[in-house]
Amino acid sequence: GVVQIDFVEHCGQSASGEYVNSLSIVDIFSGWWDGDGVMGKGQERALIAIDTVRQRSPFLWREMHPDNGGNIMNYHVYAYAGKHDIIFSRSRPYKKNDNCFVEQKNSTHVRQVVGYLRYDSEEERRILSDLYQNELRLYKNFFQPVMKLVRKERVAGKIKKTYDAPKTPYQRLMESATLSKKKKDELTQTYEALNPAELKRVIDAKLDCLYRAYQKKNGSRKVDASRSINKKVVPSMVSFSHRSTSPISVS
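This one's a predicted model, so the numbers in the text were calculated from it and none came from an experiment.

### Quick notes on the sheet that holds strand 3 (residues 33–39)
The strands making up a sheet associate through backbone hydrogen bonding, with each pair oriented either parallel or antiparallel. The strand order across the open sheet built from 5 strands is 3-2-1-4-5, with neighbouring strands paired in mixed fashion. A single partner strand is all that each edge strand has here, and the edge strands are strand 3 and strand 5 (87–88). Two strands pair when backbone bridges link them, and strand 1 (residues 2–9) and strand 2 (residues 20–27) are joined in this way by 7 bridges, in the antiparallel orientation. Pairing of isoleucine 5 across the sheet is with isoleucine 25, part of strand 2.

### Some words on the confidence of the model for the chain
Residues of the chain with pLDDT of at least 70 account for 87%, and the chain-wide mean is 85. Of all helices and strands in the chain, the one with the weakest mean pLDDT is helix 9 (residues 236–243) (38), whereas helix 4 (residues 122–143) scores best (94). Within the model, pLDDT remains below 50 along residues 233–251, and this stretch shows 8 contacts once partners closer than five positions in the same chain are excluded.

### Points about the pattern of salt bridges
As enumerated under the stated definition, the model contains 18 salt bridges in all. Among the ionic pairs, aspartate 34 bridges to arginine 56, the shortest N-O distance being 2.8 Å. Placement of the pair is aspartate 34 in strand 3 and arginine 56 in helix 1 (residues 43–56), with a sequence separation of 22 residues. Looking at aspartate 34, the relative accessible area reads 2%, which means it is buried. Classification of arginine 56 as partly exposed rests on a relative accessible area of 22%. Of the charged contacts, one joins lysine 181 and aspartate 185 as a salt bridge, the two residues approaching to 3.0 Å between their closest N and O atoms. Highlighted residues: lysine 181 and aspartate 185, both in helix 6 (residues 181–192), separated by 4 residues, approximately one helical turn. For lysine 181, a relative accessible area of 62% puts it in the exposed group. Under the relative-accessibility criterion, aspartate 185 is labelled partly exposed at 33%.

### So, a nonpolar patch on the surface
Together, Met147, Leu149 and Tyr163 make up an exposed nonpolar region whose accessible area comes to about 310 Å². As for its position among the elements, leucine 149 is in strand 6 (residues 149–155). With a relative accessible area of 45%, leucine 149 lands in the partly exposed category.

### Description of the pairing of strand 7 (residues 158–163)
Note that strand 6 and strand 7 share 6 bridges and pair antiparallel. Residue pairing across strands places glutamate 153 opposite lysine 160, the latter belonging to strand 7. Linking strand 6 to strand 7, which pair antiparallel, is a turn of 2 residues; within it alanine 156 sits at a positive phi near 55°.

Rules of the game
Residues numbered from 1 in each chain as written. Predicted model: local features only at pLDDT ≥ 70, side-chain atom pairs only at ≥ 80, totals over all residues. Heavy atoms only, no water. Pairing = 2+ DSSP bridges. Helix = DSSP H or I, 4+ residues; strand = E, 2+ residues; numbered from the N terminus. pLDDT = per-residue confidence, 0-100. Contact = heavy atoms within 4.5 Å. Salt bridge = Lys/Arg side-chain N within 4 Å of Asp/Glu carboxyl O. Buried < 20%, exposed > 50% of the residue type's maximum accessible area, 1.4 Å probe, protein only. Patch = residues over 30% accessible without salt bridge, like charges linked within 9 Å, V, L, I, M, F, W, Y side chains within 5 Å. Areas by Shrake-Rupley, 256 points an atom, 1.4 Å probe, with all protein chains shown as cover.

Structure below.
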């Protein structure tokens, strides 16, 4: 019930204009992840997405810990937390390790899935939102095991990390003594009705729809999924300065 919240920008090489942001929320105890697609950085849209994720969570939220972005660190979200008896904590400025758990999910559940392209149309937002709310959430939480760091110790000048046995977020919730039997039964019913192979096929199909929407928006320009989509982009101004290698004469 202690969740970290963050937004992942899909602005591509330019942060100008309005573009889609992926809401990413993770429960620290179990690693249960959920997300949604939000157009722009408006506070009201962000709050609606956060409330949607909270209502479909299998556990009660006890604490919200966002980063310092203005779309979630504001009075509206603070009042929302107070209304639902949720502790509202915040990160220290410029300390990304304060939100290390959600930052990990930003990489494995967002960037490695949808890449670094610019998504700024309503069609792209709908596809992303549909993917997060359905198949991707189910596939990651019920069938993707994760390891949790148990301890770190220094041995002969080196840091030795010890992890527990890999378990899915679903398994960790089922082992929890605080989750009610009713919720555990609901999770079990959901798990038994799922087919991981079918989930993966639907995820791939929706990603194909997302890439086709991107190509259509950009005049049917070809997108190499293996090179362009999952490759970090460099801001256009930086790329220009790197390309400008001709000597400059000073008179």
